[in-house]
Structures are given as C-alpha cells and as structure tokens.
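Coordinates in review
The residues making up each chain are set out below.
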Amino acid sequence: MGGGGREGRSYRSRTQRKHFKQSRENVWKRPKPDPSSTDSTDNPAWQPFATQNPSFDEYYKEQGIVATEEWDRFIEVLRKPLPAAFRINSSSQFCSDLRSQLEDDFMKSLKAEVTEEGEVDAIRPLPWYPNNLAWHSSFSRMQLRKNQTLERFHEFLKLENEIGNITRQEAVSMVPPLFLDVQPDHFILDMCAAPGSKTFQLLEIIYQSTTPGVLPNGMVIANDLDVQRCNLLIHQTKRMCTANLIVTNHEAQHFPGCRKNKNFSSASDKGIETESNIGQLLFDRVLCDVPCSGDGTLRKAPDIWRKWNVGLGNGLHSLQVQIAMRGISLLKVGGRMVYSTCSMNPIENEAVVAEILRKCGGCVQLVDVSSELPQLVRRPGLKKWKARDKGVWLASYKDVPKFRRTGIVPSMFPSGRCHMDTTNDGDKHENGIDANSIGLQPVEDAFPSTDNLDEEVCDLPLELCMRLVPHDQNTGAFFIAVLQKVSPLPGQETNISPQGNMPTRNDAPPNQIKEETDGLEVNMADGTDEKDPEGSSEGNSIDNEDGAPAEPDPLSSGKDDSVETEVPVNKETGGKRKLQMQGKWRGVDPVIFFKDETIINTIKTFYGIDDSFPLDGHLVSRNSETNHVKRIYYISKSVKDVLELNIQVGQQLKITSVGLKMFERQTSQGANAPCSFRISSEGLPVILPYITKQILYASPVDFKHLLQYKTIKFADFVDAEFREKASNLMMGCCVMVLSKGVKVSSEPIQVDASTIAIGCWKGRASLSVMVTALDCQELLERLLMRMDTEKDNSVQGNITETDEVHHMNDNSESEKPENATTSS
C-alpha cells in the first residue's frame, strides 16, 4: 500500500474501476454478423461462450475451494446458466396476493415445464428466505424469454418488477442483508449500493412493522461511486416509494463522516435554521458489498470465463481493505457490518477479513451466525490459501520477489506478516510505524533469505465466515462475513452524546479535522472534496429528482454560486478549508428545505391535511426559487436529521436523490385550479390517512370502469351518490378510494394496508386518472381477481353485465392535465 498521497490513491482507484467495469460488461449481447460475408454458416448470429479456462481451474483447485472429489460437480454446475430468482416486496399492499398467485397458480400450471436436472418444481420458494417471499425458478432468464409456454409467467415477472411489487435478483445476492439483523429504527449505510437490489431489500426490512401513514424511525444511505450506476440505483429504489432513503455519490473508501466541529461556522449564522440532534454520521448497520472480480457470477455472465485471470483479485485487494475499514470506522460501537463479495477468491475474501481483524486489534469480532437461516447451505471460510503472481505460487510474503512487493502486499497472506520474525519490533518500518498494520513497503533488511516454503495458516477464526458455492443449492457463488464492532477503534475515543447513541470524538485538536481511514488517523480537508472524474466532471450530470440525465438549469449562470467560508485546517499542511453551504457539487443541485408558508398552507387547506401530519420541516426541494419549484419531496424524521447535519458541516454529502416525491406542480389547465400542486402517486400512500377533503369513495364497478377507460363523464358513473359528490368537488387533484362494498359508504373509510386509492383530476365535466398505464393495468387485474374471489365466496354478490357503464363518448369534454393517462 505504498505512498503516493491523495493523487496516487485517486489514480489507482480510477484504474481499478475501469478494470472492474470492463470485466463486468454485458456479456449477453450477440455479436453482429459480418455484412461482407454471405455465408451464414461462417457468421452465425450467436455462438455460445467457452465455459472453461485452464488458469481458473488450476487456481481454484490449488486453493481448495471445494474438495477434490467435488470438483467435477462444482465445475459442471458452474458452466450451466443461472436459474432466475426473484423476491416479493414485503411492503407491497399486494404481497399476500402475489404469494398466493405463485403458490396456487404458477406452481401448478408450470409443473410440467421442469427442465433442470434434479429440480422437482418449476418454481418454488427459497426455503431459507423468511415467509416464502423469495422464489427460485428452474428456468434461466434466456429460457423465460424464449419459451412460449412460459410467456404468461414471464409477463407477470416483467410487470410486477417494473411496478415494484417484486425484484428480480440473484438468490445468493439476497443473503447479505438478512445477516445484518436490521431493525426499523436503524441507520444503515450501503457503501457500494448499485444497482440497488440489496438497498431495496434493506428498505423492505425497516418498513415491515410499520402501518400506512407512519414512517419508520430508521433510514438507509445508499452510496455508489459511478454516476450512471447511481442513476440505476435511483431508478431501482424509486419503486419502493420511500421517504427514508438518501442516495449519495462518493468513493466508498472516502465516505464522509459529517462530524460536527466547532471550527465550522454556525449554519444559523448564514440564515439556515437547523435542529439536528446528531453530532456525527455513524451507523447501526453497514453493508459492505465491495467491488470484486465477480467470478461468482460466471453462470449469468459466462464471458468472465474468457476474461478471468489472477490479477483481477490481486488488483482489488487493497481497495477492498480500504472500503471495509472505512465502513468499520463509520459503524457505531455495538453495530454490525456485513462484508460480502460475489467472488470465490480468498485474496478478496478471507484475506480482506483477516486484515480487518488485524487492523482493528480486537475492536471488531467475527460473529457466529451458524444458527441463523438454518436451511441455507453454507461452507466455512478458509484458514489457509496462497497468492499467485506472474504464474508463480507464493506461500507467504517472504516468497515475493522484491520488485513485486508493491503489488503483492503482506495482507494477501494468511499471517498478514511481512516475514516470519516474531519479535516485537521486527516489523517496524524505518520511520517507526508498524509496517504490518498499514501495509507499507518494509525495509529490505526485514527479509532474511530463506527457502522455507511451508504454507501459512491463519490463526484468526475465519471459519465463522461463509461461502456459498453453486452446486450446493443451484445458485451463484458468494462470500459473506458478519462483523461486530465491540469497542472504539484505536485512536477513535468516543463520548456518548446527550441524544443517546451517537458517539462524538473528543480527542481532536480544535484546529484539526480528522477521520479514520484504514485504522489510521489521516488529516482530511474533507476527503470527498477531491474532484472525481466520474462523479463530478462536466458531461456527467445527474438528474437530482428523477434519476434520468438532467437538463441544464435555465436559471443557472454556469458558475459556482455557492456560499463559501474559509475555515482553518491543520497547521502542518497549511491552507484553508472551504465550507460551502450550497452548490458544492458540480452537476448536483443543492437540497433545500422548502419553507414557503403560502404554498404549504394552500396545500393543507385544499386537501384538508390533518395537523397531526408533520409537513413543516419535512419538505425539501432542489430549487431555491420558490416560484420555479416543480416538485416538493417529503422526508422522514431520520433523513431530516441527516440533512440538517449535512448543512451544518458544509454539505459534505454529495446527494443525488433524497425523499419521496409528495407534491408536483400542475400546469396547463391545472393552473386554473385553487391549488397548483397535485399529490404524487408515490406520496399518496403516506399522506392518505390524513386527507379530509378532495376525497371520493367509489364502488368496485365505478373504480374498475375508471381504470379501464381512464376518463369518465360524471353522468356515466353507475352510483348516483358518487356521481353527485364527484361533480361537487373543487376543480383540481382529488383522491379516489376503493370502497369494499357495492354501495358506497357515506362514512369515511378507515385506511389500512389493504386500502386501494389513486390520484385523479376533477375537471368541469369528467374525472380522469393520474396514474401510469402500467399501474392501471396492475390495479385492474388485482381488482378483478378480488371481485372474482368475493363472488365465489358470496360476499359481494353478483356483478352483472347490466352494471356496465354506458357507451363512452370519445368526444367527451374533459380537462385532463398533461400527466393524466390517456385511454389505450
């Protein structure tokens, strides 16, 4: 881990990222045929990838990943396509319906389609995942797309995935969040979060025990380095419709700690009122799913066979240690971190975990989770392994040639030592620092010449780690280690703040700002200020609200208009620290608390929002000009605290997405409405229990018709009472709730988890839905299924064809806003 300072670290990380991206490119693209050739046999449209690599076989046979007698079975399964897997969103109101549909419909209808050897069922719940919420299919994604008999099932998966009711995810990828032991009040950091499946899973867990209209006390910060992958992360998690998520764009190994320091100017001095009750950004749980060589994904990415080489894992080892150590430093005492990779390489797995334990010196322990998820087949971590470099096997660091010691570091070996000398000071670098603890290049005298090539055995309890191998449960491969922080890291003395469990450091000199990275104290003038070429350069703009490429702000002058205050930093390094209150990150609009009382009061009055719903202080926007605000986002109490802290410490967090879109400005005909902001579909479930005006309760028949035809005249509604109430509403956005009986109740419906509601637009003569066509399709199918069930049970009674609405007039007068769905 030689020197080089910030520039050296930045260069290495960029090189590693480029290498990693190239190794994980889309491998299912078919090669284009040569247009100059007419012989189709010489230019096939598709050729299977070669699923073998002699170097791969030699490496993993020597490492003893599986027993010799298992090797043939292991490699046989590894060469087969990966079966598709998916997870039902436990927070979806249709969770039970989806599970019943899978159990009672698809499991039976697809039974004859089993093609995988050893599989009994075409689809089945994963036995180790709680509550039958995760499912395994015996078909690969390719088979699902190509097999016509599976078309209905494939369409089901696509629709429910796009809406957010299910998440298509590799089975072993679902495992790490389950070992975090997440509780609803936990602060969670997902350090390398894209594409977002695990983040979605973490959000599901903290929402499991909540009721409609009540947000959990916990929150998730999902971080990723790559801008485009951040956009993918935003798109993936947006389906969750959560106010408890912040998406950030940082190098994971330099993720900011946002620690308050008295050198920072008070935010209130700048006219920004904040009430944050946390003094430092520390987490109850950290998911550290680091970048890796990815050879555990060979079944779904067979092109890795061709690209695989030993250097992939060796090149990422030091970065993985850095990221993991940063995760530990951000973890609260008593908190739990899961370190995981989709690699089988012990250099990326056991070697990294062993180095974490050595660096932390007893402050961190491996957790025995053998009793958790008992039906998950797992194998213990390795206690011994070798490194390989330039075609040569290396049993310990003393075997590394001198000219290769900058690339092959001591932490790659089981002992983690520079040499076999066991004296107390034998490993000291010439400057007196322990070379083992920081990975520095040791002095040459520390390497006595020896021919002893005995393999090292790690004396740490690495058997508590777990390996998931493909042939145990017909999955991909994964590595997982669960760590608990039992005391502060060396040099990270803490005090408990008056607010409870948020430690703040008391040993930093007044003129210094320090963060722990890799277990060392290093001076940082905000480690995230470094201009990352991918994260903040021109041409890599982030959409700060929708996750799509952002358009240039017509109000922007093109200059950085941020407010800056110079704050003294370490005297040794000199210079000033710039404190920027807004616009710090190029291409990312600042997050601003929305406090326009006129607009807020208009919204509250128009919808009759109960005072018990906390709007004040929980609304944010991305535009400082109130008149130009298009979207207003709602944030939970936990996210509010983090945003306030972030403002106080100078916007250290580069936030690309935050909050739940609650209100959206309506233009066009909507400008004539008393309230220019409509309730967003994403925010409706949260605010619904508190709305007392602009709300309608519709019978199943009228609700179904509106979903079918998208726009209906008041005169064409079946229920006369509903017709009258709809026509008497004020013009603008309204909410239509499905009544559970044929006759519309005159009393408001008690909102619960089963309540179905949609946003509509009330015009002069008609009502129009304001949800997407996909949402209409999903709701209509669910509604028809429920109606059929109720008819079978004689609960609702018969709904006959005589109830059908009169012929719709295609030329009906309506005032649909631009967001209203048109009739298909």
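Just above, that's the structure.
Residues numbered from 1 in each chain as written. Predicted model: local features only at pLDDT ≥ 70, side-chain atom pairs only at ≥ 80, totals over all residues. Heavy atoms only, no water.

**Concerning the overall build of the chain**
A count of helical and extended segments in the chain gives 20 helices and 32 strands. When the 824 residues of the chain are sorted by exposure, 55% land in the buried category. Considering only contacts in the chain between residues 6 or more positions apart, those separated by 24 or more positions represent 76%. Of the roughly 35,500 Å² of accessible surface on the chain, a fraction of 48% belongs to carbon and sulfur atoms. (Helix = DSSP H or I, 4+ residues; strand = E, 2+ residues; numbered from the N terminus. Buried < 20%, exposed > 50% of the residue type's maximum accessible area, 1.4 Å probe, protein only. Contact = heavy atoms within 4.5 Å. Areas by Shrake-Rupley, 256 points an atom, 1.4 Å probe, with all protein chains shown as cover.)

**With respect to the sheet that holds strand 32 (residues 766-769)**
Note: strands within a sheet are paired through backbone hydrogen bonds, in either parallel or antiparallel orientation. Read across the sheet, 5 strands follow the order 28-30-31-32-29 without closing on themselves; strand pairing throughout is mixed. Of all strands in the sheet, those bounded by a partner on one side alone are strand 28 (695-698) and strand 29 (711-713). The mean angle between the axes of side-by-side strands here comes to 30°, regardless of whether they run parallel or antiparallel. Here strand 29 runs beside strand 32; their pairing, made up of 3 bridges, is antiparallel. Looking at the pairing, Thr-711 lines up with Ser-768 of strand 32. Each of strand 28, strand 30 (732-738), strand 31 (757-762) and strand 32 is contacted by helix 19 (residues 720-728), which is oriented at about 165° to strand 28, the strand it contacts most. (Pairing = 2+ DSSP bridges. Axes fitted to C-alpha atoms, helices over the stretch in contact; angles between N-to-C directions.)

**A short note on the pairing of strand 6 (residues 219-223)**
With respect to burial, strand 6 is a largely interior element, 5 of its 5 residues being buried. Residues Met-219, Ile-221 and Asn-223 line one face of strand 6 and the alternating positions Val-220 and Ala-222 line the opposite face, and both faces are buried. When strand 5 (residues 187-190) meets strand 6, the two strands line up parallel, connected through 4 bridges. Considered in strand 6, the bridge of Ile-188 is made with Val-220. Read from strand 6 through helix 9 (residues 227-238) to strand 7 (residues 245-248), the crossover connection turns out right-handed. (Right-handed = clockwise from strand over helix to strand, strands pointing away.)

**Side note on the environment of Pro-81**
Inspection of the secondary structure assignment puts Pro-81 in the loop between helix 3 (71-78) and strand 1 (83-88). Overall, the relative accessible area of 48% leaves Pro-81 in the partly exposed class. The sequence separation of Pro-81 and Gln-143 amounts to 62 residues, and the corresponding C-alpha distance is 9.5 Å.

**Considerations on the side chain of Ser-636**
Among the structural elements, Ser-636 can be located in the loop between strand 24 (631-634) and helix 16 (637-648). On the basis of relative accessibility, which here comes to 1%, the residue Ser-636 falls in the buried class. Only 3.4 Å separates the side chain of Ser-636 from the side chain of Asn-244, close enough to count as a polar contact. When near neighbours in sequence (up to four residues on either side) are disregarded, Ser-636 contacts Leu-215, Ala-243, Asn-244 and His-618. (Polar contact = N/O pair within 3.5 Å; in protein donor to acceptor, adjacent residues only side chain to side chain.)

**Some points on the sheet that holds strand 26 (residues 660-665)**
Strand order in this open sheet of 5 strands is 22-23-24-26-27, and the pairing throughout is antiparallel. Either end of the sheet is taken by a strand with one partner, and the two such strands are strand 22 (592-593) and strand 27 (677-679). By the bridge criterion, 2 bridges tie strand 22 to strand 23 (residues 619-621) in an arrangement that is antiparallel. Following the sheet pairing, Phe-593 is matched in strand 23 by Val-620. Against the sheet, helix 15 (residues 597-607) touches strand 23, strand 24, strand 26 and strand 27, its axis set at about 50° to strand 27.

**Quick word on helix 4 (residues 95-109)**
With 15 residues, helix 4 should reach 21 Å at 1.5 Å per residue; the first-to-last C-alpha distance of 20 Å fits that figure. When the local axis directions of helix 4 are compared, the greatest deviation, roughly 35°, occurs at Leu-102. Listed as buried for helix 4 are Cys-95, Leu-98, Gln-101, Leu-102 and Phe-106. (Expected span 1.5 Å × (residues − 1). Bend = angle between axes of the 7 residues up to and from the residue.)

**A word on the packing of helix 11 (residues 310-329) against helix 12 (residues 350-360)**
Helix-helix packing: each pair is described by the crossing angle between the helix axes and the interaxial distance. At a minimum axis separation of 10 Å, helix 11 and helix 12 run at an interaxial angle of 45°. Relative to helix 12, helix 11 is oriented oblique. As helix 11 runs across helix 12, the sense of the crossing is right-handed. Contacts from His-317, Gln-320, Val-321, Ala-324, Met-325 and Ile-328 of helix 11 reach helix 12 at Ala-351, Val-352, Glu-355, Ile-356, Lys-359 and Cys-360. Across the contact of helix 11 with helix 12, the residue classes break down as 8 nonpolar, 2 polar and 2 charged. (Parallel < 35°, antiparallel > 145°, perpendicular 65-115°, else oblique. Left-handed = near helix turned anticlockwise from the far one by under 90°. Nonpolar A, V, L, I, M, F, W, Y, C, P; charged D, E, K, R; others polar.)

**Structural notes on the pattern of salt bridges**
Scanning the entire structure with this criterion turns up 33 salt bridges. One salt bridge in this structure joins Arg-404 and Asp-389, with 2.8 Å as the shortest N-O distance. Taken together, the residues span a long stretch of sequence, with Arg-404 in the loop between strand 13 (392-394) and helix 13 (435-438) and Asp-389 in strand 12 (residues 387-389) at a distance of 15 residues. A network of salt bridges, in which partner residues are shared, links Arg-631, Lys-661, Glu-664, Arg-678 and Glu-682. (Salt bridge = Lys/Arg side-chain N within 4 Å of Asp/Glu carboxyl O.)

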